[in-house]
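The lines below spell out each chain.
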Number of protein chains: 4
Amino acid sequence: MSTLWGGRFSGALDAQMKQFNDSISFDIRLWEADITGSMAYARALARAGLLTDDELRTLLDGLAAIRAEFAQGAFAVQPTDEDIHTAVERRLKELVGEVAGKLHTGRSRNDQVATDLRLFALKATYELIGALLKVQEALLTQAEPHTETLMPGYTHLQRAQPVSFAHWCLSHFWPLARDADRMLDCARRTAALPLGSGALAGNPFGIARHALARDLGFHAITQNSIDGVGDRDFVAELLFDCALIGVHLSQLAEDLIVFSTAEFGFVTFDDAFATGSSLMPQKKNPDAMELARGKSGRLIGNLVSVLTMLKGLPMAYNKDLQEDKEPLFDSLDTLRLTLPVVAGAVRTLRVNAERMAAALEPAMLATDVAEYLVRKGVPFREAHHLTGRAVALAEQRGISLQDLTPSDWRSISPQFGTDVAQVFDFRQSLASRAVDGGTAPEAVRRQLRSARQEWMQLKQRVDTP
Amino acid sequence: MSTLWGGRFSGALDAQMKQFNDSISFDIRLWEADITGSMAYARALARAGLLTDDELRTLLDGLAAIRAEFAQGAFAVQPTDEDIHTAVERRLKELVGEVAGKLHTGRSRNDQVATDLRLFALKATYELIGALLKVQEALLTQAEPHTETLMPGYTHLQRAQPVSFAHWCLSHFWPLARDADRMLDCARRTAALPLGSGALAGNPFGIARHALARDLGFHAITQNSIDGVGDRDFVAELLFDCALIGVHLSQLAEDLIVFSTAEFGFVTFDDAFATGSSLMPQKKNPDAMELARGKSGRLIGNLVSVLTMLKGLPMAYNKDLQEDKEPLFDSLDTLRLTLPVVAGAVRTLRVNAERMAAALEPAMLATDVAEYLVRKGVPFREAHHLTGRAVALAEQRGISLQDLTPSDWRSISPQFGTDVAQVFDFRQSLASRAVDGGTAPEAVRRQLRSARQEWMQLKQRVDTP
Amino acid sequence: MSTLWGGRFSGALDAQMKQFNDSISFDIRLWEADITGSMAYARALARAGLLTDDELRTLLDGLAAIRAEFAQGAFAVQPTDEDIHTAVERRLKELVGEVAGKLHTGRSRNDQVATDLRLFALKATYELIGALLKVQEALLTQAEPHTETLMPGYTHLQRAQPVSFAHWCLSHFWPLARDADRMLDCARRTAALPLGSGALAGNPFGIARHALARDLGFHAITQNSIDGVGDRDFVAELLFDCALIGVHLSQLAEDLIVFSTAEFGFVTFDDAFATGSSLMPQKKNPDAMELARGKSGRLIGNLVSVLTMLKGLPMAYNKDLQEDKEPLFDSLDTLRLTLPVVAGAVRTLRVNAERMAAALEPAMLATDVAEYLVRKGVPFREAHHLTGRAVALAEQRGISLQDLTPSDWRSISPQFGTDVAQVFDFRQSLASRAVDGGTAPEAVRRQLRSARQEWMQLKQRVDTP
Amino acid sequence: MSTLWGGRFSGALDAQMKQFNDSISFDIRLWEADITGSMAYARALARAGLLTDDELRTLLDGLAAIRAEFAQGAFAVQPTDEDIHTAVERRLKELVGEVAGKLHTGRSRNDQVATDLRLFALKATYELIGALLKVQEALLTQAEPHTETLMPGYTHLQRAQPVSFAHWCLSHFWPLARDADRMLDCARRTAALPLGSGALAGNPFGIARHALARDLGFHAITQNSIDGVGDRDFVAELLFDCALIGVHLSQLAEDLIVFSTAEFGFVTFDDAFATGSSLMPQKKNPDAMELARGKSGRLIGNLVSVLTMLKGLPMAYNKDLQEDKEPLFDSLDTLRLTLPVVAGAVRTLRVNAERMAAALEPAMLATDVAEYLVRKGVPFREAHHLTGRAVALAEQRGISLQDLTPSDWRSISPQFGTDVAQVFDFRQSLASRAVDGGTAPEAVRRQLRSARQEWMQLKQRVDTP
């Protein structure tokens with residue numbers, strides 16, 4: 001029988017029902033948030049005159065002792081502890097006696113758990129951004145020496161135009177920067193305090209909620225007690241942010257899996273981040289990347305879990321909301337494990353510049369041929385069409401575009417001079433794309449500077465939230 | 001360094017990568033399937049002449065010993081055990097020496113894990129249907145005495161027509177029958193043996209796969225080794241079946257949550273399946289039903305996880321597939337816990353027939369009024385319209401439809417005779433819907449017989465798969 | 001054969017393939033964005049010296065003429081128009097001749113479509129917030145006169161504590177305020193210009209991207225051309241925001257569907273927002289709310305569509321990205337239709353204050369009884385337990401909590417004085433919860449002021465983006 | 001004001017509400033099913049004595065005339081037609097007068113729409129399987145000449161073991177066979193008739209539902225009228241089947257996208273199924289495959305839409321169910337367009353056998369080396385380890401595994417004889433995997449025969465449902 005709501009019930013809870021109902025097996029992870037929240041609430045009760053100084057001290061000492069027990073792995077969960085809140089309150093009573101019963105004054109598990117979960121989510125958000133920054137750091141490190149390392153750029157996984165490897169690295173830097181920015185927005189919305197909402201109607205003991213919010217590091221209070229206990233937007237939003245990070249990692253992973261095939265051969269994973277086969281001794285498998293790609297599934301799935309759970313719920317608190325925690329924990333744990341491995345795999349990647357160079361082919365400069373004509377005054381669309389005919393001619397002859405003769409070129413358009421030969425220079429093609437965001441070495445170096453600046457700013461926002 | 005694929009790798013695996021890559025923490029649940037599969041494979045190797053009788057006996061004895069260790073909770077996982085397969089093989093070598101190395105002959109972890117997971121899924125499917133049958137049983141038990149207990153039937157959650165409580169109970173029986181039927185179809189597709197597919201190209205040692213399939217209780221073999229190692233359709237399909245069960249339970253739960261409000265008051269949950277509030281002592285909350293409703297979210301989320309993970313994978317085995325297990329385990333565990341609780345809550349439900357009766361109102365017989373006109377030869381659409389006018393007239397007068405006077409009725413249509421008064425009999429309304437599937441007591445009794453027959457057949461199919 | 005890439009292809013496109021590949025049937029909705037983008041790009045080309053003033057004027061005039069054609073519904077799509085971009089370019093050539101071919105100079109459909117879609121999404125975002133504001137307005141209007149209208153507040157759909165109807169209204173105001181805030185964050189990230197990224201490697205003609213961004217109302221440029229053409233984060237994020245709005249509406253709808261049942265009877269929908277039944281003339285169905293609730297499904301589904309589509313894509317542009325538009329359009333259209341209907345249904349809702357009042361019962365003041373004891377110095381947990389015993393005693397006697405005699409109360413605890421009778425006053429219970437966010441009339445009036453202020457600020461941010 | 005339920009309502013429906021509520025814009029696609037269902041219902045009414053022979057003939061003639069109007073595109077929807085059912089009934093009344101009003105006798109839109117949608121889904125299911133069979137046919141056609149065409153088989157996208165191209169083709173045949181089988185199971189469950197369920201309580205006019213079911217080609221009747229009107233399991237199940245088809249196509253597409261890169265070069269798409277680039281004339285993009293891959297997202301999204309919509313619905317019919325149609329139509333339309341294009345792209349694929357052969361490398365026979373040792377009596381695990389050492393030695397020397405000298409081999413294990421050289425024969429490796437389902441030419445020819453047999457059986461089940 002629960003210690004919290006037993007007064008009126010005559011029958012005992014069915015054993016399976018108890019197991020079904022209890023959340024201690026997973027919400028025990030909220031212990032630190034729960035104790036932090038209770039300490040602040042005790043101080044608020046004291047400020048409101050509901051606890052004497054002595055009582056406050058007793059409660060804070062008791063809670064500190066419980067915190068120490070948890071930190072040392074010494075806290076013993078009892079069968080009657082249905083959740084972390086009852087577990088802490090039960091233990092507090094054991095340690096400090098009846099005064100423990102004052103801690104819940106005007107507080108409900110409804111506003112308590114909402115507060116705990118926000119505290120937990122805020123902390124996890126900053127840690128997650130920290131882990132994202134490590135992946136970005138690895139990408140920056142890989143990019144640095146490779147602003148002039150040429151590789152084919154692909155669209156539709158077909159060779160399109162030459163780009164630099166640094167440019168490719170940075171193409172995976174910016175999505176993560178958006179992720180971090182998005183999580184900081186989410187954190188701003190998360191940092192609103194529900195405590196003081198009571199079960200749903202508000203606290204009747206004159207608790208000063210703004211002071212309580214400041215005490216707990218929240219920037220604001222929730223403005224309606226019914227909404228305050230039922231709102232799990234911050235969970236859904238954080239899960240979305242995690243899902244999109246998962247998508248970004250799956251795209252980085254896909255590139256690297258393809259690049260590390262025997263056929264591409266652009267990169268080699270370090271032994272520390274690849275695995276072998278039980279039956280095929282020669283294999284070196286990009287498992288880290290495959291797992292990173294595959295885990296996007298569960299990150300999206302967890303988001304769906306919570307959105308679907310929230311759908312159609314009636315006002316204020318419903319027990320369905322207990323289903324908010326495991327998906328959140330799972331997404332956070334997944335990324336906590338995935339991000340460092342991705343960072344490590346990227347950081348230790350071996351770049352095979354010769355294989356990249358060997359994959360460049362003259363046809364990838366067809367666009368440059370068209371641009372050559374544009375510079376001679378031919379409208380782009382016409383230039384594009386003429387170049388298409390040159391490509392077709394070369395293909396028909398079974399030769400490379402570069403090997404067309406001057407008369408071949410002239411047969412297509414008189415505007416092709418002998419200087420068209422100079423177009424077939426991959427480095428020059430790169431250099432021409434010096435626009436902001438382009439792949440020219442100088443542009444990429446500017447981009448690198450921007451990226452490092454962005455990174456520093458994110459780091460500062462995370463280090464001093 | 002892994003014992004399985006270490007021969008060629010020079011560097012050690014990064015510690016976080018190892019944790020990321022290892023699956024022993026969750027795939028240990030496949031231990032029984034893995035040992036069963038290995039025993040059958042040993043017998044197949046012996047039949048193919050790759051093991052002597054002595055070697056076979058040694059391997060089987062060793063595997064039996066490991067099975068006993070697992071069953072007794074005595075199996076000790078070692079840090080080098082990356083998954084259940086390596087753990088069992090490692091232990092087997094400790095127990096029986098070098099001959100253990102013969103067990104993997106021609107087998108890859110790719111076909112091994114696919115086989116294990118199918119064995120596991122098949123067993124779980126039958127257990128799940130067994131648990132579904134218990135919920136159905138509870139619904140049948142509740143329906144039995146209530147074929148004449150009237151309650152309002154709702155559409156749009158508005159009172160529509162009287163139905164019996166038994167009829168309502170059975171409306172939740174049939175969806176679960178479809179679920180069971182669907183899972184049996186899924187089981188038929190799951191029961192195809194991948195073992196003998198090797199890593200992807202097939203087994204080179206003349207393993208007789210059909211005999212192996214029979215040995216393991218599979219009805220068929222997978223027909224293409226590439227597909228055999230990569231196919232996880234059976235996981236996706238089972239997860240869909242679980243998700244739809246979740247949806248059905250959420251609908252049953254929604255009905256009962258609404259019916260158990262103070263305002264409806266149709267049913268009362270037993271104390272064994274309800275909980276109280278920490279702040280509001282008078283509350284009796286339908287937590288079991290709310291959790292059952294909320295858990296539909298995670299069941300749908302798990303399905304999305306796996307479908308998304310499978311999306312766009314290249315041929316044969318990819319490490320992404322390791323992400324198939326946790327969602328499957330979670331959905332199975334969720335239902336394993338939810339179904340008995342739902343069964344218990346339904347079985348112990350107290351039916352408040354007076355509250356149900358009190359909620360019946362004459363306006364719910366408007367359709368019967370229209371039908372009365374139809375029986376007098378008025379086309380239904382016209383009858384419906386005339387009845388609508390009667391409803392409007394009663395509402396305008398602020399009286400019940402039943403309280404219209406004979407002249408009121410005649411003012412609407414001369415076809416309303418004084419016998420219209422006899423329409424206002426809820427039991428007669430019920431009795432008139434005696435069509436198969438209708439709510440008339442005799443029809444519901446027929447339906448109950450069909451339901452019991454269906455239940456028996458499902459039970460037989462599950463007991464002797 | 002496409003006019004855009006036909007130069008080199010020998011065979012014609014398969015007819016079904018053409019239908020499969022073409023996107024004009026849905027991306028025609030981007031026409032305004034496409035023309036706006038092209039006009040700005042023409043100006044950028046002129047600034048870069050690639051168009052003469054005359055050419056620029058010709059192009060701008062031509063584009064303006066096409067815009068007029070679209071605005072008047074006079075634009076005729078041709079079978080060769082595979083998408084909106086080719087349609088506009090084809091028409092431009094018809095109108096202004098070969099100079100039209102210069103417009104595409106250095107631009108690819110990859111950066112063009114990314115730009116168009118961002119322009120479209122930005123406009124739609126602001127319109128959506130505008131529609132959200134109307135729903136909020138309706139909630140404020142309903143709340144205004146009802147700060148003292150009592151109703152039961154529910155948790156677990158069980159009567160918990162009295163709240164005011166205004167408080168309930170506002171509980172649905174704040175989630176929408178968070179939605180608006182979230183969309184404004186999304187808009188900030190969306191307002192980065194991809195144009196100038198070319199196909200993937202960057203623009204080679206010295207286009208000044210920052211000026212181009214300002215011209216189009218973007219706050220920033222995308223910083224990496226590969227990422228610039230492949231990034232659809234802004235679509236996913238907007239779809240998430242739509243999905244969460246859908247969840248919020250489903251919760252508002254659920255409350256109102258339950259409140260409008262015969263059993264609750266708290267609210268009545270206006271005939272303008274309810275429908276009848278084809279068979280049951282007395283029915284008045286909350287269809288608007290049911291559709292609003294049901295449409296949360298498609299809003300979540302559309303989000304899943306795009307996240308899953310993005311999963312595992314390789315670098316830069318892939319044709320899969322064409323699948324970004326229909327889910328986005330569908331979610332925007334869904335909300336564009338749903339929000340005004342929800343606003344209308346809420347605005348015209350009839351509040352049945354007597355039914356609300358009648359649903360209050362003394363047991364809902366059990367918490368107040370406990371608080372009474374707390375004010376006498378009893379620790380809350382003990383007070384809660386004693387109150388539980390009082391509830392049990394009343395239930396056992398079959399009387400209301402309020403009807404316990406003074407000696408009954410004393411038998412439970414000597415601290416219950418005769419003044420406990422004064423606790424049974426619903427208005428006093430309300431008034432006691434005067435904390436910020438609480439349900440006390442004065443607190444709700446403060447909350448109303450905050451809400452109106454928040455609303456004004458959102459309106460300003462939307463009106464002057 | 002609706003013609004169907006207008007009798008009692010005083011106010012007109014809000015204009016936006018009407019648009020929101022009406023479903024004619026999309027459910028018009030049910031016209032054929034609606035008319036077929038109405039004809040059968042008219043016959044059932046006649047059998048039950050509720051229509052005279054003349055009335056029946058009049059109704060059937062009228063319905064046939066409406067069917068002709070629809071078939072000729074001549075049916076004119078009126079603003080008052082809220083859905084297909086009211087549209088047909090309205091038109092019928094125009095054509096045959098008041099007797100049209102008898103058609104709805106005892107029928108509700110609830111059981112009518114459920115019946116229509118099942119008829120529609122059944123027909124669509126068989127069409128879909130027909131389209132699946134075409135893709136399978138293309139795969140069989142491609143496989144036929146290539147049982148001896150060698151290519152690398154991949155796991156983790158790393159070269160693993162040689163397989164034949166035919167074997168790869170068939171690896172995509174079987175998943176589609178499972179899809180067809182799964183849809184036939186779904187069709188069996190779909191073919192249960194809800195008509196006769198009325199609004200929710202059952203038909204009161206003695207309709208013979210079994211005869212009606214036979215008339216409409218249903219195998220069974222739904223057994224509970226409440227469940228009959230609310231059950232959309234058949235929609236969810238069909239959407240799941242579509243989603244899994246989408247996943248299978250995405251995997252086939254991924255393989256072909258990778259195989260058609262310049263780096264792999266294994267296959268070339270026919271010009272009829274590939275597209276070019278607007279900026280890069282040399283490009284030949286696998287757009288058909290990319291779209292097929294990307295569309296898996298919307299197919300999964302549609303499934304989520306419906307599952308989420310169904311979650312938590314109360315008993316019988318709720319308007320939310322109107323949201324079942326668009327996702328279903330979209331998934332069916334998507335596959336109806338995708339499958340023929342995939343079939344065409346596969347059928348016209350050019351196979352570059354030399355590129356495949358050139359991608360084979362001796363290290364892919366490492367497993368065969370291990371198997372060589374196994375055949376000499378070395379336990380597999382030891383054999384695997386020794387082979388690993390040979391791979392490492394070759395890598396260290398910078399030579400191919402094949403180029404190790406006899407003394408190199410002996411230095412690793414005395415069991416390596418000079419005959420190890422004979423292992424390095426790709427065809428022999430293939431031939432050794434002659435197990436059922438293996439890649440040996442003879443095994444693949446057996447597999448082809450099985451596949452053709454399976455295909456014929458599916459075709460028969462579809463042609464004579």
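All values derive from a computational prediction rather than experimental measurement.

(A) Inspection of the environment of Asp179 of chain B at higher detail. All names here are of chain B. Here Asp179 shows up in helix H8 (residues 173-190). Sequence-wise, Asp179 and Gln402 are 223 residues apart; in three dimensions their C-alpha atoms are separated by 43 Å. Discounting residues that sit within four places of it in the chain, Asp179 has contacts with Leu132, Leu244, Ile245 and His248. Within the local environment of Asp179, its side chain forms a polar contact with the side chain of Arg182, the two groups lying 2.9 Å apart.

(B) Structural context of the interface of chain B and chain C. Taken together, the contact pairs 46 residues of chain B with 46 residues of chain C. Between chain B and chain C, the buried area comes to about 3,600 Å², and carbon and sulfur atoms account for 56% of it. Linking chain B to chain C there are two salt bridges. Salt-bridge contacts for Glu263 of chain B lead to Arg159 of chain C; the nearest nitrogen and oxygen are separated by 2.6 Å. Linking chain B with chain C are 15 residue pairs in polar contact (both at pLDDT 80 or more), by the criterion used here. Of all the secondary structure elements, the ones that give two or more residues to the side of chain B that touches chain C are strand S1 (150-155), strand S2 (158-164), helix H11 (233-259), helix H12 (287-310), helix H15 (366-375) and helix H16 (380-397) of chain B. At six residues, H16 of chain B tops the list of elements feeding residues into the side of chain B that touches chain C.

(C) Looking closely at the packing of H11 of chain B against helix H13 (residues 325-347) of chain B. Residues and elements named next belong to chain B. At a closest axis distance of 10 Å, the pairing of H11 and H13 adopts a crossing angle of 30°. Taken as axis vectors, H11 and H13 run roughly parallel relative to one another. Where H11 crosses over H13, the handedness of that crossing is left-handed. Note on element contacts: H13 touches H11 through Pro327, Leu328, Ser331, Leu332, Leu335, Thr338, Leu339, Val342 and Val346, opposite Val235, Leu238, Leu239, Cys242, Ile245, Leu249, Leu252 and Leu256. Partitioning the contact of H11 with H13 into residue classes produces 15 nonpolar, two polar and no charged.

(D) Fine view of the packing of aromatic side chains. Here the structure, examined in full by the defined rule, presents 64 aromatic pairs over all chains. Residues Tyr372 of chain A and Phe416 of chain A carry aromatic rings whose centres are separated by 6.1 Å and whose planes lie at 5° to one another, so their mutual orientation is stacked. One end of the pair, Tyr372 of chain A, is in helix H15 (residues 366-375); the other, Phe416 of chain A, is in the loop between helix H17 (406-412) and helix H18 (426-432), and 44 residues separate them in sequence. The residues Tyr372 of chain A and Phe416 of chain A share a single accessibility class, namely buried. Taken together through their ring pairs, the aromatic side chains of Tyr154, Phe165, Trp168, Phe259, Phe264 and Phe266 of chain A together with Tyr154, Phe165, Trp168, Phe259, Phe264 and Phe266 of chain D make up a single cluster. Just above the ring of Phe329 of chain A sits the side chain of Arg29 of chain A; from NZ or CZ to the centre is 4.6 Å.

(E) Quick peek at the environment of Met289 of chain C. Residues and elements named next belong to chain C. One can find Met289 in helix H12 (residues 287-310). Relative accessible area serves as the criterion here: at 1%, Met289 is assigned to the buried category. Spatially, the C-alpha atom of Met289 lies 8.4 Å from that of Leu249, the residues being 40 residues apart in sequence. The residues touching Met289, leaving out its near neighbours within four places in the chain, are Ala253, Leu256, Ile257, Phe269, Val342 and Ala345.

(F) Inspection of the nonpolar core at higher detail. If you look at the biggest cluster of nonpolar residues, it comprises 563 residues, and the most contacted ones within it are Phe259 of chain A, Phe259 of chain B, Phe259 of chain C together with Phe259 of chain D. Setting aside residues no more than four positions away along its own chain, Phe259 of chain C makes contact with Met315 of chain A together with Met151, Tyr154, Trp168, Phe264, Gly265, Phe266 and Val267 of chain C.

(G) Representation of the relation of the copies chain A and chain C within the structure. Note on the identical chains: chain A maps onto chain C by a rotation of 180° and an axial translation of 0.0 Å, with an RMSD of 0.0 Å. Classification of the inter-copy transformation places it as that of a two-fold axis. Same-surface contact between copies: 100% of interface residues of chain A are shared with the interface of chain C.

(H) The interface of chain A and chain C, seen in detail. The interface is formed by 106 residues belonging to chain A together with 106 residues belonging to chain C. Roughly 8,600 Å² is buried in total at the junction of chain A and chain C, and carbon and sulfur atoms are behind 59% of that figure. Contact with chain C buries surface across chain A, with Gln223, Met315 and Arg381 of chain A losing the most and accounting together for 8% of the total. Our count for the chain A to chain C interface comes out at 20 salt bridges. Asp181 of chain A is the partner of Arg189 of chain C in a salt bridge, and the nearest nitrogen-oxygen pair spans 2.8 Å. Inspection of the chain A/chain C interface yields 50 residue pairs in polar contact (both at pLDDT 80 or more).

Criteria and cut-off values
- Residues numbered from 1 in each chain as written.
- Chains lettered and ligands numbered in written order.
- Predicted model: local features only at pLDDT ≥ 70, side-chain atom pairs only at ≥ 80, totals over all residues.
- Heavy atoms only, no water.
- Helix = DSSP H or I, 4+ residues; strand = E, 2+ residues; numbered from the N terminus.
- Contact = heavy atoms within 4.5 Å.
- Polar contact = N/O pair within 3.5 Å; in protein donor to acceptor, adjacent residues only side chain to side chain.
- Buried area = accessible area lost by both parts, 1.4 Å probe.
- Salt bridge = Lys/Arg side-chain N within 4 Å of Asp/Glu carboxyl O.
- Axes fitted to C-alpha atoms, helices over the stretch in contact; angles between N-to-C directions.
- Parallel < 35°, antiparallel > 145°, perpendicular 65-115°, else oblique.
- Left-handed = near helix turned anticlockwise from the far one by under 90°.
- Nonpolar A, V, L, I, M, F, W, Y, C, P; charged D, E, K, R; others polar.
- Phe/Tyr/Trp six-rings, centres within 6.5 Å; stacked < 30°, edge-to-face > 60°.
- Buried < 20%, exposed > 50% of the residue type's maximum accessible area, 1.4 Å probe, protein only.
- Lys NZ or Arg CZ within 6 Å of the ring centre and 35° of its normal.
- Core = buried A, V, L, I, M, F, W, Y, C linked by side-chain atoms within 4.5 Å.
- Least-squares fit on C-alpha atoms with pLDDT ≥ 70 in both.

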